[in-house]
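Chains, contacts and geometry: an overview
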Amino acid sequence: MNVERSQKTVKPPARSGAKMDRRVLRSRDALGDALVSLMHEKHFENITVQEVLDRAGVGRSTFYAHYRDKNDLFVSDVEDFFEMCASLLKRNGASAQRLAPVREFFAHVREARNFYTALVTSGKVNDVLALGRGFFARSIEERLRGAGVQMDGTRRAAQAHALAGSLFSLLEWWIDKGMKPEPAEMDEVFHRLAWNGLKER
């Protein structure tokens with residue numbers, strides 16, 4: 001479920017990190033796309049696995065070889081996406097002053113706005129935002145450690161959790177405002193708030 005593949009957004013990596021058989025990848029993509037399509041139409045709880053299979057053109061045995069149920073399909077793809085986003089700065093060797101890839105993440109959300117609409121329609125948006133906060137909190141904690149911010153582990157973890165919460169609060173504000181400020185501007189806002197708060201600790 002590449003979070004709205006039709007908009008050519010970033011593709012999440014496989015959970016195992018191993019090179020996957022192309023047929024398996026095609027099946028995963030088809031199942032994810034089918035679930036997203038159905039999420040545009042109805043609440044998540046009203047979607048059946050059989051509806052996903054019928055729309056994806058994938059057999060039941062193939063589905064259960066990889067997923068326990070529809071929620072496992074949904075969560076695995078969302079986790080892959082957030083893991084990819086949260087580790088983006090480390091993989092790109094970004095400056096230690098950048099604590100989170102706000103610019104890239106917001107740009108992706110804007111490109112995949114139809115997927116966000118599907119999350120709202122299906123009743124899954126709060127679950128996704130909660131997962132995202134967790135992934136970004138862990139990533140920000142690692143970035144703070146790498147930036148040499150001096151504080152004990154408990155305080156650093158708490159600070160990272162608070163910053164991740166701020167990031168998603170900004171995201172919701174930005175979406176409510178029609179995604180008007182550019183993602184680069186939102187990146188600057190987040191990092192200004194973050195570093196000002198860290199200096200005052």
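Above this note sits the structure.
In what follows, the accompanying structure is described. None of the values given here were measured: they were computed from a predicted structure.

Reading the values: the criteria
- Residue positions are given per chain, counted from 1 along the sequence in the order it is written.
- This being a predicted model, a pLDDT of at least 70 is required before a residue's local features are given, and a value of 80 or more before pairs of side-chain atoms are given or counted; all residues contribute to the totals for chains, interfaces and linings.
- Note: side-chain values were computed over all heavy atoms of the structure, leaving out hydrogens and water.
- Helix and strand assignments follow DSSP, with helices taken as H or I runs no shorter than four residues and strands as E runs no shorter than two, numbered in order from the N terminus.
- Should any heavy atoms of two residues lie within 4.5 Å, those residues are counted as being in contact.
- Here, a salt bridge means any side-chain nitrogen of Lys or Arg that lies within 4 Å of a carboxyl oxygen of Asp or Glu.
- Whether a residue is buried, partly exposed or exposed follows from its accessible area with a 1.4 Å probe, protein chains only, as a fraction of its type maximum: under 20%, in between, or over 50%, in that order.
- Working note: the arc is built from the helix axis to C-beta atom directions.
- Expected span of a helix: the number of residues minus one, times 1.5 Å.
- Think of a polar contact as two N or O atoms within 3.5 Å of one another; within protein, one of them needs to be a possible hydrogen donor and the other a possible acceptor, and neighboring residues in sequence only count if both atoms come from side chains.
- To pair, rings of Phe, Tyr and Trp, with the six-membered ring standing in for Trp, must have centres within 6.5 Å; the planes then decide the type, stacked if under 30 degrees apart, edge-to-face if over 60, and tilted in the middle.

With that settled, consider the side chain of serine 27. Along the chain, serine 27 falls in helix 1 (residues 22-39). If we ignore the near neighbours within four places in the chain, the residues touching serine 27 are Val58 and Thr62.

Below, the discussion takes up the pattern of salt bridges. Within the structure shown, the criterion is met by 13 salt bridges. In this structure, the salt-bridge partner of aspartate 80 is arginine 28, at a minimum N-O distance of 3.1 Å. Here arginine 28 lies in helix 1 and aspartate 80 lies in helix 4 (residues 70-86), a separation of 52 residues in the sequence. Here aspartate 72 ties to arginine 68 by a salt bridge, and the two come within 3.7 Å at their closest N and O atoms. Sharing partners across several salt bridges, the network here consists of Arg98, Arg103, Glu104 and Asp187.

This next bit is on the environment of valine 109. Structurally, the position occupied by valine 109 is in helix 6 (residues 102-111). Overall, valine 109 belongs to the buried group, its relative accessible area being 11%. Separated by 62 residues in the primary sequence, valine 109 and leucine 171 have C-alpha atoms spaced 9.0 Å apart. If near-sequence neighbours (up to four positions away) are discounted, valine 109 is found in contact with Leu171, Trp174, Ile175 and Met179.

Among the residues of helix 7 (residues 113-122), those classed as buried are Phe115, Ala118, Leu119 and Ser122. End-on view of helix 7: buried residues confined to an arc of 100°, all on one side of the axis. Once helix 7 ends, the next one or two residues include glycine 123, with phi positive near 80°.

Here we take up helix 9 (residues 153-176). Here helix 9 is 24 residues long and its end C-alpha atoms lie 35 Å apart, about the 34 Å a rise of 1.5 Å per residue gives. Buried residues of helix 9: Arg156, Gln159, Ala160, Leu163, Ala164, Leu167, Phe168, Leu170, Leu171, Trp174 and Ile175, and no others. Where helix 9 is buried, its residues contact helix 4, helix 6, helix 7, helix 8 (125-146) and helix 10 (183-199). A distance of 3.1 Å separates the backbone nitrogen of threonine 154 from a side-chain oxygen at the start of helix 9, and that oxygen is part of aspartate 152.

Let us now look at the packing of aromatic side chains. Taken as a whole and assessed by the stated rule, the structure comprises 13 aromatic pairs. Relative to phenylalanine 136, the ring of phenylalanine 105 lies with its centre 5.1 Å away and its plane at 40°, an arrangement referred to as tilted. Taken together, the residues span a long stretch of sequence, with phenylalanine 105 in helix 6 and phenylalanine 136 in helix 8 at a distance of 31 residues. The same class applies to phenylalanine 105 as to phenylalanine 136, namely buried. Ring geometry for phenylalanine 106 against tryptophan 174: centres 4.8 Å apart, planes inclined by 40°, an arrangement best described as tilted. In this pair, phenylalanine 106 sits in helix 6 while tryptophan 174 sits in helix 9, placing the two residues 68 residues apart along the sequence. Both residues of the pair, phenylalanine 106 and tryptophan 174, count as buried.

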